[in-house]
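Residues per chain are reported as follows:
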Amino acid sequence: SKLSKLSKLSKLSKLSNLTCNASNKNVSNSSNSSNSFVLRSSKRWSSSSFSSSTNPVNHPVHQNLTSRLIYNHPIKLSAAVATIITAYTAYNELLEALGGTTQGLRRSLSFYSLAIPTYLRYKYLQHYEPNNQPLWDALDTEASALGLSKILELRGFYVKTGQMCATNIGAAFPKRWADTMSVLQDGVPPKPLETVRGIVSRSGLRGLSVEPGVLGSASIGQVHRGEWKGRPCVVKVQYPEVREQFENDVKTLILFCKLAQPVHVPGLEEIERQFQTEFDYRKEADNMDVIRYNLLGFEEKVKVPRPMAATENVLVMEELEGVKLGDALKEDWERNYAGKPGFSRGLGFSPSSSFAGPRPGKVYKTGASGLGYYDDLSEGGTVLPRPPAEIRGPDEDTMDKYIKAKDAQRRASNLISSLQNLPRRLLRLPLLPHVPPSSLPLNHARIVDTLMDVTAKTIFVDGVFNGDPHPGNILMLKDGRLGLIDFGQVKRLSRRSVVLLSRMVVALASDDYEAAADVIHEAGYVTERMDRGLAAKYARVMIDSNDRVYTGGKHVQLFLEELQDADPVVELPREFVMVSRVSLMLRGMASAVGQPRSVAQAWLPYARAVLAEEALVAEAEEAARKAARVEAAKKGHFANHPSQSRAIANSPNAMKKKWKFQDWRHNVELIKERDALKGPSCGR
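It should be emphasised that the depicted structure is a prediction, and the values quoted were computed from it without experimental measurement.

Asker: How would you summarise empty space enclosed by the protein if you had to cite specific residues and measurements?
Answerer: Per the stated rule, a full pass over the model turns up 9 cavities of 30 Å³ or more. Estimates place the volume of the second largest cavity at around 190 Å³. As for the second largest cavity, its lining consists of 17 residues, and the residues nearest its centre are Val-454, Thr-455, Asn-466, Pro-469 and Leu-484. Secondary-structure elements contributing two or more residues to the lining of the second largest cavity are helix H15 (444–462), strand E8 (464–466) and helix H20 (574–592). Sorting elements by how many residues they give to the lining of the second largest cavity places H15 first, with 4 residues.

Asker: Residues and numbers for the confidence of the model for the protein chain, please.
Answerer: In the predicted model, the protein chain carries a mean pLDDT of 75, and the fraction of residues at 70 or more is 68%. Confidence drops under pLDDT 50 across residues 345–391; counting only partners more than four residues distant or on other chains, this segment forms 113 contacts. Note on residues 678–684: pLDDT under 50 across the span, and 6 contacts to partners over four residues away in sequence or across chains.

Asker: Let's hear about helix H18 (residues 532–544): which residues, and what values?
Answerer: Spanning 13 residues, H18 covers 17 Å between terminal C-alpha atoms, matching the ideal 18 Å at 1.5 Å per step. Across the 13 residues of H18, 12 count as buried, placing the element largely inside the fold. Within H18, burial applies to Gly-533, Leu-534, Ala-535, Ala-536, Lys-537, Tyr-538, Ala-539, Arg-540, Val-541, Met-542, Ile-543 and Asp-544. The inward-facing, buried residues of H18 contact helix H16 (495–509), helix H17 (513–523), helix H19 (556–566), H20 and helix H21 (599–634).

Asker: An account of the pairing of strand E2 (residues 221–228) is requested, with residue identities and associated values reported.
Answerer: By the bridge criterion, 6 bridges tie strand E1 (residues 208–217) to E2 in an arrangement that is antiparallel. Bridge pairing links Val-210 to Gly-226 in E2. What sits between E1 and E2 in their antiparallel hairpin is a turn of 3 residues. Here E2 runs beside strand E3 (residues 231–238); their pairing, made up of 8 bridges, is antiparallel. Of the residues in E3, the one forming a bridge with Trp-228 is Arg-231. Joining the antiparallel neighbours E2 and E3 is a turn of 2 residues, in which Lys-229 adopts a positive phi near 55°.

Asker: Hey, could you go over the sheet that holds E3 for me, with residue numbers and the actual values?
Answerer: Strand order in the open sheet formed by 5 strands is E1-E2-E3-E6-E5, and the pairing between neighbours is antiparallel. Across the chains shown, the open sheet's two edge strands, defined by having one partner strand only, are E1 and strand E5 (307–310). Neighbour-to-neighbour, the strand axes of this sheet turn through a mean angle of 25°, independent of strand direction. Those strands touched by helix H9 (residues 193–203) are E1, E2, E3 and strand E6 (314–317), and its axis lies near 130° from that of E1.

Asker: I'd love a proper account of the packing of H15 against H20, names of residues and values included.
Answerer: In the contact formed by H15 and H20, the axes pass within 10 Å of each other and the chain directions differ by 170°. Considering the angle they form, H15 stands roughly antiparallel to H20. Of the residues in H20, those touching H15 at Val-448, Leu-451, Met-452 and Thr-455 are Val-582, Leu-586, Met-589 and Ala-590. When grouped by side-chain class, the residues that make up the contact of H15 with H20 number 7 nonpolar, 1 polar and no charged.

What counts, and at which threshold
- Residues numbered from 1 in each chain as written.
- Predicted model: local features only at pLDDT ≥ 70, side-chain atom pairs only at ≥ 80, totals over all residues.
- Heavy atoms only, no water.
- 1 Å grid on protein atoms, 1.4 Å probe; cavity = no way out; pocket = protein on both sides within 12 Å on 5 of 7 lines; lining within 4 Å.
- Points joined across faces, edges and corners; volume = space filled by probe spheres on them.
- Helix = DSSP H or I, 4+ residues; strand = E, 2+ residues; numbered from the N terminus.
- pLDDT = per-residue confidence, 0-100.
- Contact = heavy atoms within 4.5 Å.
- Expected span 1.5 Å × (residues − 1).
- Buried < 20%, exposed > 50% of the residue type's maximum accessible area, 1.4 Å probe, protein only.
- Pairing = 2+ DSSP bridges.
- Axes fitted to C-alpha atoms, helices over the stretch in contact; angles between N-to-C directions.
- Parallel < 35°, antiparallel > 145°, perpendicular 65-115°, else oblique.
- Nonpolar A, V, L, I, M, F, W, Y, C, P; charged D, E, K, R; others polar.

Given below as structure tokens:
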């Protein structure tokens, strides 16, 4: 719409110029004399001085000039005014499209100066040199370095984009890009301590002090240790200019994707809406409190920090001692699992596009088992049944056996060291060190399953989940639990959306592609052709798995582009966008440690429980309606009208029966424990 307005304004400007040229032909002589008069008049004005009591408008020279312009050249004057108005309006329209401020316009132009040439270079290689791997590697190396430099220059939402690239959600980026952007996980240059303390002092939180060391810096702020009313804490501070930068940057990316990558526009628009809650730390504190309460049943596996105080720009919470999960998994794999027989990583920690599975151009045909897939979309969107199971690492039991063997080896080594240290103590020689229990390997399969379970519980049972669970927002704590932090992008689902998502998961897990197409269209997935086969493929990739078996051997980005070309997306189901983002993040993290999962299979028990609950509720409502009809018939009344049926179903007695079937999700002991922890100031 902005571009169409600009084109109309440019046409208006051209029309004004044509009108001006036509008027020049009719009044050329008077125009020349007028121009010379204006020149002479301007010189006289610049050389003369007026007293403060003299009004220049009443000066005879000004009156003569005004009368000449108005009465002798009305067309020329109107053309000039129209040109000025057109230019001013076009400038405002451009500002509104690219951020709303002059600074935002400069940031947008700086981004486009790198993004557009880089995109064209990649498109050129895609069309003319698709198999020239040295050229691709060279372009990845050069473009990723330039991209990192531009991100550090602009910061804002571009840092968040670089962090997404570093975690390589869904293997969407080349490995060189992921490796280059990995410095953004904790390497964003922090702001000076004086700036942070100034923000804290203006927040109004008395008794809050900030220590010099920086625990981490990210796209919207940085984190310090501190002290709140004599208690140790962690202080999260938001940069004051970040809201305006984010709004401008997301609009810039949306405009770029509309021209270059339309398939990503709906997701960016949902992220833009969701980011509005990330700029208010008071809402984040509420989200943290809600999810912390909802996960009381998982306290042995995960921990959520307790918020202590919050303003719009400052958040105070308890500290969780640990390291980033991504760093812990990477170090643990390289130390304990790399090269060991029976342990394989399909993707490496920064997943590349070369995941073990069918390669491009190689077709896995349908056999006697009925399994297979297509390597392109030439089949009209037909979807074949589930392919063989993905190559994955060892399960929990296998990893437990390996960890027990390593622990026995550690104990034997420590015993030998203790025996050797006996004479060393007598001779006063340096003692041999013991191997600590912390050196034992991590059970990657259990970590992945825990994250899948926790996420499923927050989505299907609570309807409140974190939409940004990348490895940088998960800690490996010293006690072996997982610490969940950063709840700025919490999404709330309606009951209808939870039921639709449950139906989708059950359909994908059972390979019922007709049902999957029905559900995704019912949820709001609209395309130009409404192709059911392509809709089912899109649901599979966005919710369940992006394995190359499903994408026909293609990279997921190219596969989505082909879907967009075959049946352009008009609208995506907004409620499912953040769920899809969470699914992609979990899949990328799981594949990075050789533990790829089918998300539909992992979430299937929770989805079935939701549908079973809905069936029980429907059964209770129908029973209440029948009982009400019988009672009304005995009294000589009739309750067959729909409005009367709804009134009866919503009566107090019927609602009690309905609530009875919903109480299975709630644990009374956990609620009592929550109330005891929070005290009377819960406020909910």
